[in-house]
Amino acid sequence: GAGKSTLLRLLIADLTPDCGHILRHPELRVGYFAQQVDVLPMDRSILACMLELPGITQSLARTILAGFLFSSEDVHKMIGDLSMGERCRVAFVLLYFSRANLLVLDEPTNYLDIGTRERMEVALAAYPGSVILVSHDRYLVQKVANRIWEIQEGVVRDFHGTLDAYMVNLETGTDRRDDPERDNEIRKLRYELALYLAGDEPTNEDAKIQWWADLHERRRRLRELAGKE
């Protein structure tokens with residue numbers, strides 16, 4: 001009831017703010033988890049939904065779905081016949097491979113078993129875009145978040161750092177000290193990541209491998225710096 005879901009809907013333009021302005025990058029492509037679950041086609045199979053994604057072949061679709069615990073027989077199930085947990089799995093996979101560069105996830109681990117949660121954590125940690133996550137799953141937040149927004153009574157407290165660092169901050173009552181050199185590097189890395197995500201992935205295989213390696217290294221360094229805040 002603090003307004004977390006309302007904030008998400010404002011950010012994705014599902015709601016219009018009563019005051020102020022929300023600026024969005026023209027290249028922003030949002031995938032909204034809660035909305036995706038609601039609009040899944042009940043009369044389509046899991047595999048059919050996957051094959052509608054750009055660049056997804058049947059072989060690749062089956063491999064991806066197997067990684068999210070859908071067997072070779074399960075992929076032919078109709079969405080309407082799935083449990084809520086299975087639908088959430090499908091919705092997450094469809095969003096993850098939809099070429100969105102911002103995933104907005106509202107309580108994504110509700111209805112999921114431990115095995116699926118672990119796969120989601122690994123996938124989000126490796127995601128090349130940005131993620132805004134609302135969750136009561138502290139382990140998930142601890143694994144993937146490098147910035148915490150606490151919402152209380154309509155006020156947002158913005159903490160640059162991991163959940164562990166945030167909890168220490170609360171317990172000690174101390175605030176982080178500014179480090180201009182670190183902050184400058186963080187801004188530089190975020191800018192470089194924005195350029196990567198706005199551009200196109202190389203078609204040459206060697207260049208593509210290097211492109212992904214550079215991208216992951218920048219994300220690793222950004223997480224490392226954010227954890228020191």
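Our structure's up above, just so we're on the same page.
In short, a report on the structure.

Analysis parameters
Residues numbered from 1 in each chain as written. Predicted model: local features only at pLDDT ≥ 70, side-chain atom pairs only at ≥ 80, totals over all residues. Heavy atoms only, no water. Phe/Tyr/Trp six-rings, centres within 6.5 Å; stacked < 30°, edge-to-face > 60°. Core = buried A, V, L, I, M, F, W, Y, C linked by side-chain atoms within 4.5 Å. Buried < 20%, exposed > 50% of the residue type's maximum accessible area, 1.4 Å probe, protein only. Helix = DSSP H or I, 4+ residues; strand = E, 2+ residues; numbered from the N terminus. Contact = heavy atoms within 4.5 Å. Arc of directions from axis to C-beta. Pairing = 2+ DSSP bridges. Axes fitted to C-alpha atoms, helices over the stretch in contact; angles between N-to-C directions.

Thoughts on the packing of aromatic side chains
For step 1, the next point in the chain: In total, this model carries six aromatic pairs according to the counting rule given.
For step 2, the next point in the chain: A ring pair is formed by Trp-211 and Trp-212, whose centres lie 5.1 Å apart and whose planes are at 85°; its orientation type is edge-to-face.
For step 3, the next point in the chain: Three or more aromatic residues link up through ring pairs in this structure, and these residues are Phe-68, Phe-92, Tyr-96, Phe-97 and Tyr-127.

Thoughts on the nonpolar core
For step 1, the next point in the chain: With 35 residues, the main nonpolar core has Phe-33, Met-50, Val-90, Phe-92, Leu-103 and Leu-124 as its most contacted residues.
For step 2, the next point in the chain: Taken together, the elements giving at least two residues each to this core come down to α2 (33–38), α3 (46–51), α4 (58–67), α5 (84–96), β2 (102–106), α6 (114–126) and α7 (138–144).
For step 3, the next point in the chain: Counting residues per element, this core draws most heavily on α5, which supplies eight residues.
For step 4, the next point in the chain: Every residue in contact with Leu-124, bar those within four places of it in the chain, is listed here: Phe-92, Tyr-96, Leu-103, Leu-105, Val-131, Leu-140, Val-144 and Arg-219.
For step 5, the next point in the chain: Formed by eight residues, the second largest nonpolar core is a distinct cluster that contains Ile-186, Tyr-196, Trp-211 and Leu-225.

Considering the environment of Glu-86
For step 1, the next point in the chain: The residue Glu-86 is located in helix α5 in this model.
For step 2, the next point in the chain: Along the backbone, Glu-86 and Asp-113 are 27 residues apart, and their C-alpha atoms lie at a distance of 9.7 Å.
For step 3, the next point in the chain: Not counting residues within four places of it along the chain, the set of residues in contact with Glu-86 comprises Phe-70 and Lys-77.

Concerning helix α8 (residues 163–172)
For step 1, the next point in the chain: Among the residues of α8, Leu-163, Ala-165, Tyr-166 and Asn-169 are the ones counted as buried. For α8, the buried positions fall inside an angular range of 160° around the axis, keeping them on one side.

Observations regarding the sheet that holds β2
For step 1, the next point in the chain: Pairing is parallel in the open sheet, where three strands are placed in the order β1-β2-β3. This sheet does not close on itself; its edge strands, each paired only once, are β1 (30–32) and β3 (130–134). Pairwise comparison of adjacent strand axes, ignoring direction, gives a mean angle of 15° for this sheet.
For step 2, the next point in the chain: Here three bridges tie β1 to β2, and the two strands are oriented parallel to one another. Within β2, the residue paired with Gly-31 across the bridge is Leu-103.

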